[in-house]
Amino acid sequence: MGIAENARIVLNKVAEAALRAGRKPEDVAVIGVTKTVGPDSVIQMARGGINIAGENRVQELLAKREALADTLPDLSWHMIGHLQSNKVKHAVASSDMIHSVDSMKLAALIDKQASEIGKVMDVLVEVNIAKEESKYGIFPERVFDFVCGALGFGNINIRGLMCVAPFVDNPEENRPHFQKMADILNDINGNLFRNGKRLGVLSMGMTLDYEVAVEQGATMVRVGTAIFGARDYI
């Protein structure tokens, strides 16, 4: 089975999960995690109906976006991995959304670089939902205050929240974490945006648990292995 067919299967499973939860399938976007795969594989993914590519490394994002600029001009590119300070300039210039804002220092750097090129950068606040030492992100109880502070940046548009849930054998184990993410977002919207803008993005769920994530309110899922197969990460 090829990459394009794998992509279609993932989209169908997302649609089914959305319907089970009483949601519209079109309200959930699939991000194909293109880490380590070549441009030809990205083209096959797009042929299967997935039009957002997610990269963990800025260097790969830059190279692939340039290589596919003519072939896939409408493909959206998201920076989904941990972002180092010295890569912010390139990430802001080349990304359509940054999923991994995990400190006020990083938010300030993104705001500064976006301002310099006249761009308002769409970002997500990364939440360390299970408080894992090996993961990046802001602890759940600090997210509300962080969002309050980050709203002061003029060249950052906070769109919502992102998390990397624990790696588990049974996806049901992550359902409480996904529900907690939805609760945090609802709390923010209920207290900060009663009469105006709301944060609408929940980026959560990967190959092993994306269907559960959709059932709990994910609006973006980040899927790699189910589309491209297992890969050796360097």
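Each remark here, short or long, concerns the structure printed above.
Residues numbered from 1 in each chain as written. Predicted model: local features only at pLDDT ≥ 70, side-chain atom pairs only at ≥ 80, totals over all residues. Heavy atoms only, no water.

> Pulling in residues and values, what's your account of the overall build of the protein?
Per the secondary structure count, the protein includes nine helices and eight strands. In terms of overall dimensions, the protein is globule-like: its C-alpha atoms have a radius of gyration of 17 Å, near the 17 Å expected for 234 residues. Its C-alpha atoms put the protein at 45 × 40 × 35 Å along the principal axes. Sequence separation of at least 24 residues holds for 63% of the intrachain contacts in the protein that already meet a minimum separation of 6. As presented, the protein carries roughly 10,900 Å² of accessible surface, and 49% of it is formed by carbon and sulfur atoms. Computed over 26 positive and 29 negative side-chain charges, the separation of the two mean positions in the protein equals 3 Å. (Helix = DSSP H or I, 4+ residues; strand = E, 2+ residues; numbered from the N terminus. Rg over C-alpha atoms; globule rule 2.2 N^0.38 Å. Contact = heavy atoms within 4.5 Å. Areas by Shrake-Rupley, 256 points an atom, 1.4 Å probe, with all protein chains shown as cover. Lys, Arg positive; Asp, Glu negative; His and termini not counted. Charge placed at Lys NZ, Arg CZ, Asp CG, Glu CD.)

> Please give an account of the pairing of strand β3 (residues 76-79) that cites residues and values.
Burial along β3 is two-sided: Ser76 and His78 facing one way and Trp77 and Met79 facing the other are all buried. Summarising the sheet, strand β2 (residues 52-55) and β3 pair through four bridges and their orientation is parallel. From the neighbouring strand, Ile52 faces β3, where its bridge partner is Ser76. Between the parallel pair β2 and β3, the chain is carried across by helix α3 (residues 58-67), and the sense of this crossover is right-handed. When β3 meets strand β4 (residues 97-101), the two strands line up parallel, connected through two bridges. Counted as the bridge partner of Met79 is Ile98 from β4. The parallel pair β3 and β4 is bridged by helix α4 (residues 88-94), and the resulting crossover is right-handed. (Buried < 20%, exposed > 50% of the residue type's maximum accessible area, 1.4 Å probe, protein only. Pairing = 2+ DSSP bridges. Right-handed = clockwise from strand over helix to strand, strands pointing away.)

> Tell me what's going on with the layout of surface pockets, and back it up with residues and numbers.
In this model, the largest pocket occupies a volume close to 680 Å³. Around the largest pocket, the lining is made up of 31 residues, and of these Asn56, Val164, Phe167, Met206 and Arg222 lie nearest the centre. Counting residues per element, the ones that place at least two in the lining of the largest pocket are β6 (156-163) and β8 (220-223). (1 Å grid on protein atoms, 1.4 Å probe; cavity = no way out; pocket = protein on both sides within 12 Å on 5 of 7 lines; lining within 4 Å. Points joined across faces, edges and corners; volume = space filled by probe spheres on them.)

> Explain unusual backbone geometry residue by residue, including any values.
The phi dihedral of Thr36 falls on the positive side, at around 75°, and the residue is not glycine. Residue position: Thr36 is located in the loop between β1 (29-33) and α2 (39-47). Of note in this structure, Lys131 is not a glycine but carries a positive phi near 55°. Its location among the elements puts Lys131 in the loop between β5 (121-127) and α6 (143-150).

> An account of the nonpolar core is needed here, citing residue identities and associated values.
Core analysis: the largest hydrophobic core is formed by 66 residues, its most contacted members being Met45, Leu83, Ile98, Ile110, Leu161 and Ile227. Leaving out residues up to four positions away in the same chain, Ile98 has contacts with Met79, Leu83, Ala91, Val92, Ile110, Met121, Asp122, Val123 and Leu124. (Core = buried A, V, L, I, M, F, W, Y, C linked by side-chain atoms within 4.5 Å.)

> I'd like a description of the side chain of Asn174, backed by residues and values.
Note on placement: Asn174 falls in the loop between β6 and α7 (175-192). Excluding residues that lie within four positions of it along the chain, Asn174 makes contacts with Ala165, Pro166, Val168 and Asp209.

> Explain the packing of helix α1 (residues 3-20) against α2 to me, and be specific about the residues and the numbers.
When two helices pack together, their arrangement is given by the angle between the helix axes and the distance between those axes. Packing of α1 against α2 brings their axes to within 7 Å, and their N-to-C directions diverge by 45°. One element, α1, and the other, α2, form an angle in the oblique class. When you trace α1 past α2, the crossing you get is right-handed. For the pair α1 and α2, the contacting residues are Ile3, Ala4, Ala7 and Arg8 in the first and Ser41, Gln44, Met45 and Arg47 in the second. (Axes fitted to C-alpha atoms, helices over the stretch in contact; angles between N-to-C directions. Parallel < 35°, antiparallel > 145°, perpendicular 65-115°, else oblique. Left-handed = near helix turned anticlockwise from the far one by under 90°.)

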